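The primary structure of each chain is shown beneath.
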Amino acid sequence: MLRRWLKANALLTPTGLWLGIFLIAPLALVVQFSFATRDTGVARAVLPWTTQAYLTALDPAFLPIFGRTLVYAVATTVACLVLGFPLAWFIARHGGRYRTVLLAAVLIPFWSSYLARIYAWKALLDGEGLVNTVLGWVGLDRDGGFLLTHGAVVLGLTYGFLPFMVLPLYVACERFDFRLVEASYDLGHGRVSTFFRIVLPGVLTGVLAGSLLVLVPAAGDFVTPKLLGGVDQSTFGSVIDDQFRGGNNWPLGSAMAVLLLVLVVLVLVLRGKRGEDVL
Amino acid sequence: MNRRPWVLGTVAALVFVFLYAPIVWLAIASFNSSRSLSRISGVSTQWYEELFRDTRVLESLQLTLQLALASAVISTVIGTLAAFGLRRAFPGRGLWTVLLSLPLVVPEVVMGVAMLGFFVKLAGIPLGFGALLFAHVAFSLSFVVVVVRSRVSGMDVRMEEAAADLGASPLVVFRTVTLPLVAPAVVAGAAFAFLLSFDDVVISSYLTGVGSTTLPVFVYAQASKRGISPEIVALSTLMVAATALLLVIGVVVASWRARRAGSTAQLV
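A quick note: this is a predicted structure, and the numbers were derived from the prediction, not measured.

**Comments concerning the overall build of chain A**
Stage number 1. Of regular secondary structure, chain A possesses 13 helices and 2 strands.
Stage number 2. Each principal axis of the C-alpha distribution contributes one length, and for chain A these read about 70 × 70 × 35 Å.
Stage number 3. Here chain A holds 279 residues, and the buried ones make up 51% of them.
Stage number 4. Carbon together with sulfur atoms contributes 68% to the accessible area of chain A, which is approximately 12,600 Å² in total.
Stage number 5. Across chain A, 21 positive and 16 negative side-chain charges occur, with their mean positions spaced 12 Å apart.

**Some remarks on the packing of aromatic side chains**
Stage number 1. Enumeration according to the criterion identifies 27 aromatic pairs over all chains in this entry.
Stage number 2. When the centroid spacing of 5.7 Å and the interplanar angle of 10° are considered together, the rings of Phe194 of chain B and Phe198 of chain B count as stacked. Here Phe194 of chain B and its partner Phe198 of chain B are both found in helix α8 (residues 170-199), 4 residues apart, which amounts to about one turn of the helix.
Stage number 3. By the ring-pair criterion, three or more aromatic residues cluster together here, those being Phe85, Trp89, Phe176, Phe178, Phe195 and Phe196 of chain A.
Stage number 4. Over the ring of Tyr98 of chain A we find Arg97 of chain A, and its NZ or CZ is 5.7 Å from the ring centre.

**Here we look at helix α5 (residues 114-125) of chain A**
Residues and elements named next belong to chain A.
Stage number 1. When the terminal C-alpha atoms of α5 are compared, their 17 Å separation across 12 residues agrees well with the 16 Å that a helix rising 1.5 Å per residue should span.
Stage number 2. Counting buried residues along α5, 11 of its 12 residues qualify, which places the element largely inside the surrounding structure.
Stage number 3. Every buried residue of α5 is accounted for by Tyr114, Leu115, Ala116, Arg117, Ile118, Tyr119, Ala120, Trp121, Ala123, Leu124 and Leu125.

**What about the interface of chain A and chain B?**
Stage number 1. Counting residues at the interface gives 91 residues for chain A, matched by 92 residues for chain B.
Stage number 2. Both sides together, the interface formed by chain A and chain B hides about 8,700 Å², and carbon and sulfur atoms give 78% of it.
Stage number 3. Linking Asp199 of chain B and Arg117 of chain A is a salt bridge whose minimum nitrogen-to-oxygen distance equals 3.1 Å.
Stage number 4. With 22 residues, the top contributor of residues to the side of chain A that touches chain B is helix α1 (residues 2-34) of chain A.
Stage number 5. Considered class by class, the residues forming the side of chain A that touches chain B number 67 nonpolar, 11 polar and 13 charged.

**Concerning the packing of helix α4 (residues 99-107) of chain A against helix α7 (residues 150-175) of chain A**
The relative placement of two packed helices is expressed as an angle between their axes plus a distance between the axes.
Residues and elements named next belong to chain A.
Stage number 1. Here α4 crosses α7 at 165°, and the two axes come no closer than 10 Å. The angle between the axes of α4 and α7 places the two elements in the roughly antiparallel class. As for how α4 packs across α7, the hand of that crossing is right-handed. Packed against α4, whose contacting residues are Arg99, Leu103, Val106 and Leu107, the element α7 presents Pro163, Val166, Leu167, Tyr170 and Glu174 at the interface.

**Brief notes about a positive patch on the surface**
Stage number 1. A contiguous patch of positive charge on the surface is contributed by Arg3, Arg4 and Lys7 of chain A together with Arg88 of chain B.
Stage number 2. When you line up the elements, Arg4 of chain A lands in helix α1.

**With respect to the nonpolar core**
Stage number 1. Counting residues in hydrophobic clusters, the biggest one holds 169 residues, and the most contacted among them are Leu87 and Trp89 of chain A together with Met115, Tyr206, Leu207 and Ile228 of chain B.
Stage number 2. The leading source of residues in this core is helix α6 (residues 129-153) of chain B, at 14 residues.
Stage number 3. Look past the residues within four positions of Leu207 of chain B in its chain and what remains in contact with it is Met115, Leu116, Phe119, Leu127, Gly128, Ala131, Leu132 and Ala135 of chain B.

**As for a nonpolar patch on the surface**
Residues and elements named next belong to chain A.
Stage number 1. Together, Leu130, Val134, Trp137, Val138 and Leu140 line one region of the surface with nonpolar side chains, adding up to about 560 Å² of accessible area.
Stage number 2. Turning to its location among the elements, Val138 is positioned in the loop between α6 (130-137) and α7.
Stage number 3. Using a relative accessible area of 60% as the deciding quantity, one classes Val138 as exposed.

**Points about the state of the cysteines**
Stage number 1. A complete count under the given rule lists 0 disulfides over all chains for this structure.
Stage number 2. Free of any disulfide, Cys173 of chain A has its nearest neighbouring cysteine sulfur in Cys80 of chain A, separated by 15 Å.

**Remarks on the environment of Ser33 of chain B**
Residues and elements named next belong to chain B.
Stage number 1. Mapped onto the secondary structure, Ser33 falls in the loop between α1 (5-29) and α2 (46-53).
Stage number 2. Judged by its relative accessible area of 30%, Ser33 is partly exposed.
Stage number 3. It is 21 Å that separates the C-alpha atoms of Ser33 and Met239, two residues lying 206 residues apart in sequence.
Stage number 4. Sequence-distant contacts of Ser33, that is, excluding residues within four places in its chain, are made with Ser41, Gly42, Val43, Ser44, Gln46 and Trp47.

**Some thoughts on the packing of helix α7 (residues 157-165) of chain B against α8 of chain B**
Residues and elements named next belong to chain B.
Stage number 1. Where α7 meets α8, the closest approach of the two axes is 10 Å, and the angle between their N-to-C directions is 165°. Relative to α8, the element α7 is oriented roughly antiparallel. For the pair α7 and α8, the crossing hand works out as right-handed. Residue-level inspection shows Met159, Glu160, Ala163 and Ala164 of α7 in contact with α8, the latter providing Val173, Val177, Thr178 and Leu181.
Stage number 2. Among the residues making up the contact of α7 with α8, the classes are represented as 6 nonpolar, 1 polar and 1 charged.

**Structural notes on the UniProt feature "domain: ABC transmembrane type-1" (unreviewed entry) in chain B**
Stage number 1. In the UniProt entry, the feature "domain: ABC transmembrane type-1" (unreviewed entry) is given for residues 61-250 of chain B.
Stage number 2. Along residues 61-250 of chain B the backbone is 83% helical and 0% strand, and the end-to-end C-alpha distance reaches 25 Å.

**Some words on the pattern of salt bridges**
Stage number 1. Following the criterion strictly, the structure yields 8 salt bridges over all chains and no others.
Stage number 2. Taken together, the shared-partner salt bridges in this structure form one network comprising Lys226, Asp241 and Arg245 of chain A.

**A few points about helix α10 (residues 204-220) of chain A**
Stage number 1. If you check α10 of chain A, its first and last C-alpha atoms are 24 Å apart, about what 17 residues at 1.5 Å a residue would give, namely 24 Å.
Stage number 2. Among the 17 residues of α10 of chain A, 13 are classified as buried, and the element is accordingly described as predominantly covered.

**A few points about the UniProt feature "transmembrane region" (unreviewed entry) in chain B**
Residues and elements named next belong to chain B.
Stage number 1. Within this numbering scheme, the UniProt entry marks residues 7-28, 63-86, 98-119, 125-148, 169-195, 201-220 and 232-256 as carrying the feature "transmembrane region" (unreviewed entry).
Stage number 2. Across residues 125-148, the secondary structure splits into 83% helix and 0% strand, with the terminal C-alpha atoms separated by 31 Å.
Stage number 3. Between the end C-alpha atoms of residues 232-256 the distance is 36 Å, and the span holds 100% helix and 0% strand.

**Side note on the side chain of Ser30 of chain B**
Residue and element names in this part refer to chain B.
Stage number 1. Mapped onto the elements of the fold, Ser30 is located in the loop between α1 and α2.
Stage number 2. A polar side-chain atom of Ser30 sits 2.7 Å from the main-chain carbonyl oxygen of Ala27.
Stage number 3. Not counting residues up to four positions away in its chain, the partners in contact with Ser30 are Ser44, Trp47, Tyr48, Val233, Ala234 and Thr237.

Scoring rules and cut-offs
Residues numbered from 1 in each chain as written. Chains lettered and ligands numbered in written order. Predicted model: local features only at pLDDT ≥ 70, side-chain atom pairs only at ≥ 80, totals over all residues. Heavy atoms only, no water. Helix = DSSP H or I, 4+ residues; strand = E, 2+ residues; numbered from the N terminus. Buried < 20%, exposed > 50% of the residue type's maximum accessible area, 1.4 Å probe, protein only. Areas by Shrake-Rupley, 256 points an atom, 1.4 Å probe, with all protein chains shown as cover. Lys, Arg positive; Asp, Glu negative; His and termini not counted. Charge placed at Lys NZ, Arg CZ, Asp CG, Glu CD. Phe/Tyr/Trp six-rings, centres within 6.5 Å; stacked < 30°, edge-to-face > 60°. Lys NZ or Arg CZ within 6 Å of the ring centre and 35° of its normal. Expected span 1.5 Å × (residues − 1). Contact = heavy atoms within 4.5 Å. Buried area = accessible area lost by both parts, 1.4 Å probe. Salt bridge = Lys/Arg side-chain N within 4 Å of Asp/Glu carboxyl O. Nonpolar A, V, L, I, M, F, W, Y, C, P; charged D, E, K, R; others polar. Axes fitted to C-alpha atoms, helices over the stretch in contact; angles between N-to-C directions. Parallel < 35°, antiparallel > 145°, perpendicular 65-115°, else oblique. Left-handed = near helix turned anticlockwise from the far one by under 90°. Patch = residues over 30% accessible without salt bridge, like charges linked within 9 Å, V, L, I, M, F, W, Y side chains within 5 Å. Core = buried A, V, L, I, M, F, W, Y, C linked by side-chain atoms within 4.5 Å. Disulfide = S-S within 2.5 Å. UniProt positions renumbered as here; feature names shortened; annotations may be inferred. Polar contact = N/O pair within 3.5 Å; in protein donor to acceptor, adjacent residues only side chain to side chain.

Take a look at the structure:
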């Protein structure tokens, strides 16, 4: 037992050291920053310790931004589930020997620049864009197109994070015993009942892992809302970014980052052990 | 869902349309004769010509490729070790799992500002290639671990035991049995790490130094001023085309080898 423990820890040590130095230590530093007093120097945060930054971060003025961020993140997660599940199921169930190829095909678009793809969506969605033009044929077009709307932001986020949903879902679907579905039909259950009683519990680990992998980064992202939503759609992430890049208020930015981290930890705790297999 | 697979198939096809719509549009727009990304006015290859003349783009592309390659190599090597470390139960494995899943769930902006503060104020590491490399490995590691671990945990231990019983030394077992079995997952993990590094905007934007701007950061800075340049559209098109080509070659080679071996293609 001791030998096994030593061997495992020896193998894990390089990764542990790297994460300890370059991820955990920086995060700890952010926690320290969040209790610092703001200094007028070049982004310098110094003692004495104070909770001022948290009081500012929790100011009601930021409430609409928190709310908007949460709505974007949840809507994105739901959209990714709705699109990702049929795809993951189809590849696992009917992909046959082309499963790997189909899975790779999900990832190929992501080998181009993320920004270029976002700008392509911008072009597709704007007033003269393809989407608005096609919708115009059936009278569903919109003045000025669909840019700078909440829908555009959710679409962009969904597009960006879909693979993070599809991959864990695929892993779960691949392990799922499809004969259970046949059995359920044979025993007289309908499609809806089979889905909720057999399929969903069977792939729940994948659903949870995928949702986590989409929800959290979607809540932190600021590039997509900035590019597709415009200046009025600022999110939690963009406020943090502003404090570090423009506003020069590191303690406030840090306090907000810590709040976002607390949210992540809460989600992790709520998830419990269920998603552990996949994550 | 099984009795009518065509319904499911149609939905899956529509999701693929969603995934490929902007890519196809980029490919079309890259041959556009005007700068506009929304309106196609004529056919031209001028953006490709300008791309290959633009030294700033080519230099940052080179830096980005070097960074992605270095990051992928380091995170694949130590991440694979970690995945093997998690293979069997031992006290403290749960804690390791939590630590290793952290980079997957900490929002990028939080990682970015934390690393900025750490490198600048505490560690005294100058921003630039080194800082970027440390950061990129840190956020890619977990993806490698997840991908390799799923393969390692699905492996049949008896194959390694059989080799050992037949007199192979641990090193020979690893080289001839274990490694070939996990190789596809290691390759997939490396590809993941490469891609994550290659495309990262948020974290890199905090850590680039003077003269070490990665391509995505360069594009972001340029684009927020006057929209994305058609050269970048051309470059993106080339990158997707190259990847698709690699995949096709991979499939062809795999099915050719499978036919020779007389079995069905097993890719990853």
